[in-house]
Structures are given as C-alpha cells and as structure tokens.
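Overview (structure and organization)
Residue strings, one per chain:
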Amino acid sequence: MVILAIETSCDETAIAILKASGGLKNPRFKILSNTVASQIKIHAKWGGVVPNLAKREHIKNLPIVFKKAISKSGLKNPEKKIDFIAVTIGPGLEPALWTGINFASDLSKVWGKPIIAVNHMEGHIVASLLSSKIKNQKSKIDFPALALLVSGGHTELVLMRKWLDYKIIGQTRDDAAGEAFDKVAKMLGLPYPGGPQVAKLADKKTSSVEERNGKTLDVEIKLPRPMINSKNYDFSFSGLKTAVLYLIRGLEKNYELRITNYALRVAICAEFQQAVIDVLISKTIRATKEYKVKTLILGGGVSANQELRKQLGEKIKKEIPNTEYLIPNTKYTGDNAAMIAAAAYFHALKKDFTDWKKLKANGNLSL
Ligand code: KG4
Ligand code: ZN
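Now for a description of the structure that goes with this document.

What counts, and where the lines are drawn
- Residues numbered from 1 in each chain as written.
- Chains lettered and ligands numbered in written order.
- Predicted model: local features only at pLDDT ≥ 70, side-chain atom pairs only at ≥ 80, totals over all residues.
- Heavy atoms only, no water.
- Helix = DSSP H or I, 4+ residues; strand = E, 2+ residues; numbered from the N terminus.
- Rg over C-alpha atoms; globule rule 2.2 N^0.38 Å.
- Buried < 20%, exposed > 50% of the residue type's maximum accessible area, 1.4 Å probe, protein only.
- Contact = heavy atoms within 4.5 Å.
- Lys, Arg positive; Asp, Glu negative; His and termini not counted.
- Charge placed at Lys NZ, Arg CZ, Asp CG, Glu CD.
- Donors = N, O, S within 2.8 Å, 3.2 Å for Na, K, Ca; no water.
- Near = heavy atom within 4 Å.
- Nonpolar A, V, L, I, M, F, W, Y, C, P; charged D, E, K, R; others polar.
- Domains from an automatic or database assignment.
- Pairing = 2+ DSSP bridges.
- Axes fitted to C-alpha atoms, helices over the stretch in contact; angles between N-to-C directions.
- Patch = residues over 30% accessible without salt bridge, like charges linked within 9 Å, V, L, I, M, F, W, Y side chains within 5 Å.
- Areas by Shrake-Rupley, 256 points an atom, 1.4 Å probe, with all protein chains shown as cover.
- Salt bridge = Lys/Arg side-chain N within 4 Å of Asp/Glu carboxyl O.
- Polar contact = N/O pair within 3.5 Å; in protein donor to acceptor, adjacent residues only side chain to side chain.

Some details on the overall build of the chain
Counting its regular elements, the chain contains 11 helices and 12 strands. Whereas a compact globule of 367 residues would reach a radius of gyration of roughly 21 Å, the chain reaches 21 Å, a difference of no more than 12%. Here the chain holds 367 residues, and 56% of them are scored as buried. In the chain, of all internal contacts separated by at least 6 residues, the share reaching a separation of at least 24 is 75%. Each charge class in the chain can be summarised by its mean position, and for the 56 positive and 34 negative side chains these summaries are 6 Å apart.

Let's talk about the coordination of the zinc ion (ligand 2)
Ideal geometry at a metal centre: 109.5 degrees between donors when four sit tetrahedrally, and 90 or 180 degrees when six sit octahedrally. All of the protein donors around the zinc ion (ligand 2) are His-120 (NE2), His-124 (NE2) and Asp-335 (OD); their distances to the metal are 2.1 Å. The sequence pattern describing where the donors of the zinc ion (ligand 2) fall on their chain is H-x3-H-x210-D. One end of the pair, His-120, is in helix H5 (residues 120–126); the other, Asp-335, is in the loop between strand E12 (324–326) and helix H11 (338–349), with 215 residues separating them in the sequence. We classify Asp-335 as buried; its relative accessible area is 18%.

Focus on the site of ligand 1
The local shell around ligand 1 holds 18 residues, among which His-124, Gly-152, Asp-182, Gly-301 and Asn-305 are the closest. Partitioning the shell around ligand 1 into residue classes produces five nonpolar, 11 polar and two charged. Taken domain by domain, the shell around ligand 1 gets at least three of its residues from each of domain 1 (2–132 + 330–358) and domain 2 (145–326).

Brief notes about the sheet that holds strand E7 (residues 155–160)
Judged by pairing direction, the sheet is mixed, and its five strands sit side by side in the order E8-E7-E6-E11-E12 without closing on themselves. Bordering the open sheet on either side are strand E8 (166–171) and E12, each of which pairs with just one other strand. This sheet shows a mean twist of 20 degrees between the axes of neighbouring strands, independent of strand direction. In this structure, strand E6 (residues 145–150) lies alongside E7, joined through six bridges in antiparallel fashion. Paired with Leu-148 across the strands is Leu-157, a residue of E7. Sheet contacts for helix H9 (residues 262–290): E6, E7, E8 and strand E11 (295–299); angle to E6, the most-contacted strand, approximately 165 degrees.

Section: the side chain of Gln-273
Among the secondary structure elements, Gln-273 is positioned in helix H9. Given the relative accessible area of 4%, Gln-273 is considered buried. Among all residues touching Gln-273, those that are not within four sequence positions of it are Phe-181, Ala-199, Ala-202, Asn-305 and Glu-307.

Section: a nonpolar patch on the surface
Taken together, Met-1, Leu-24 and Leu-349 make up a surface patch of nonpolar side chains, about 200 Å² in accessible area. Structurally, Leu-24 is set in the loop between strand E2 (12–21) and strand E3 (28–38).

Considering the side chain of Asn-305
The residue Asn-305 is located in the loop between E11 and helix H10 (306–319) in this model. Exposure remark for Asn-305: the relative accessible area of 8% places this residue in the buried category. Reaching out from Asn-305, the side chain makes a polar contact with the side chain of Gln-273 at a distance of 3.0 Å. Separated by 3.2 Å, the side chain of Asn-305 and the backbone nitrogen of Glu-307 make a polar contact. Contact partners of Asn-305, with chain neighbours within four places excluded, come to Phe-181, Ala-199, Gln-273 and Ile-277.

Printed below as a string of structure tokens:
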C-alpha cells in the first residue's frame, strides 16, 4: 500500500510518501520521501506561531513541497502507484489545517483516490514505528499499549487496547509540556521555539550559580513537581511556569542576579527540565503498572528531549523491565507527514475512508 500524506496543523508544511505492508499484526513502513518546509524563521520574529501567517506560508509551500516529495520518492507514475491520500484534520490551528485539507481534496479529485482523515496525535503515536528507528528497538506494538504524548499543544497519556482504540487516561489541565518549555525559554530571553534551547542549556548544568564578576553565590534553585502525588494521571504545568517567573524575580531582587547570567540560566533550565521529567515519568510508570502495559510509547515534539528519553528508559529498565519501550528517531519527533501516513495505514486496513466533501478541520479534535 502506498500512501501520500499531508500535514499542515502548525508551522511545518509536510508531505510524505510511505510504503506500508504487514497488516495489523506486523506493520512495516518504508519511507519513500519525507519533505518538510519549516516556517520557524517566520514565526520566531513574533515569539510564537501566528495562525494566518502559517496559513499563507502553507498555501505558498504546499505545491513546492508536493513536487519535491514526488520527485524524491522516485515514483514514475505517482497517480497510478499511490493508493490513498491522507491528511491531518486536527488538532491544530484551523486556518493551517484547512490548507492541507483543501490540497488533499484537490488531489483526491484529480487522481480519483480515497482520502484518509488522520488525527495529528495518532501520527505522534506511530512515529516510533517508522523506518530508521532506534537500534535494537522492536518495531511492533503489543497491547495494551500506553503512549505518553508530549508536544507543544498536548500532554496526554493514551491507553490503547487495540489499533485505533484510544482512551485518554490523563492529560494536562492547563499548559502542555512543550508550551511550558517555550514559555520558560521566553522568560529567559531565548528564541522560539524554546524547548530545544532550554534542553541545550540544561545539559550544561553546574552546581553553583556564579556571577560574572567572579563572586560565587550558592543559591539553591528548586522548583515544584506539580501534581506528582495526585491520584489521577493528569498534569499541570502552568504553575511550574509561574514558579520559574517568581524564582527569577526573587533572585534578581534578593541576590541582584541578572537573568542574563549564564550559570543562572543553566541552573534554572536544568531544574525546570527535571521538574517536568519527574512528573511525566512518575505518572507514566504508575499508569504502566496499573494497566499492565506491554508497550510504552513516547511521542511528540518534546520526545526529542534526550534527558526525558534516557531517564524514562532507565526507570522502565529498573521498575518494569518486561515493558517494551518505543521512542521515535529524532528525525520524526517533530511534526512530519511520514507519521501521518503511517497512522493512515491502520485506517486504510479498516477501510476507514472519508469523502472529500465531508472533510472538516477541527482545531480541538481529540483522540
Ligand atoms: O509535536 P511538535 O513538533 O508540535 C506540536 O504538535 O505541538 O512539538 C513542538 C514542541 C515545542 O513546544 C518545542 O519547544 C518542543 O516540542 N520541543 C522540545 C524539544 N524539542 C522540541 N521540548 C523539550 N526538549 C526538546 N529537546
Ligand atoms: Zn505535533
């Protein structure tokens, strides 16, 4: 089965062509092409994604990205070789989602191919099954499976008892994990998107906070772990972000430390990142035990975070060694269309197609 997928839910214009085989029992994916045009530079000036700017850029980029995806795939007669057109219909920015939907509809009409509507988060779940996966990692999901999805818009624990069967057992009540990373980055004067910047600084962790004038100040940088002991599987990161704000204010006032101080930034980033990781890991491990999960999947933009990947892996090995741990190659942690095509394969196997006339963007679409 050859699937062409279109993803325009946020600030990446992405089209991929994927060859899928093996069925529900043994799904295998070969990426023929995976093209992404990033708009980061355009939105960075505004400190975040501007929906109408994203829409304009998607409309401009889609035909170019499409041509590139076709040519890179090496398919001679794409309209004959491609079986289905998949498209992200939500969640995301509606003006941006519509550009992909309109493009997919046009293509479906011209080529006479069925459309598969995909939830963006389904893509993040299956990203770890794509080719060039992690070494020694299984490419199979055994059920029940649990996905910890951490992105700019979502933080959720999704239980799957079979393919296409999703139950959200916990989610954030306010900010998503990625959103909190981005907001903390902004407070520290780091450019958008801040997640990778915060992670990079956190990596340089030092134990003491030194002022540039050589005076050494040992200040304890400690942040809360919101909801870590709550009995449910929900998260909350908005308070953590506010705690960072008060911490910065306090340090500036009481210690006359400037946030431009490199060592201070490093200490804050490291403690903030660890606070997020501690809460994510604690709830995920508890849910894995309660639901007797066989495969634990990590996905979403924040799954690029090396410390999160590593620490979750170590905890699984120690506490639940029989649980299989799947993480996406960092090529596929961010938004891309290959993961949308892979998710579409499972819909295609169940003959779950949508008429282009019925397609509709849904910014708040849930799994
Ligand atoms: O999945 P994604 O690409 O887009 C959405 O669907 O939202 O996720 C983007 C989010 C952003 O908030 C970004 O800052 C965050 O993922 N992110 C990271 C890292 N890389 C990307 N957060 C923490 N550490 C990283 N290394
Ligand atoms: Zn995403």
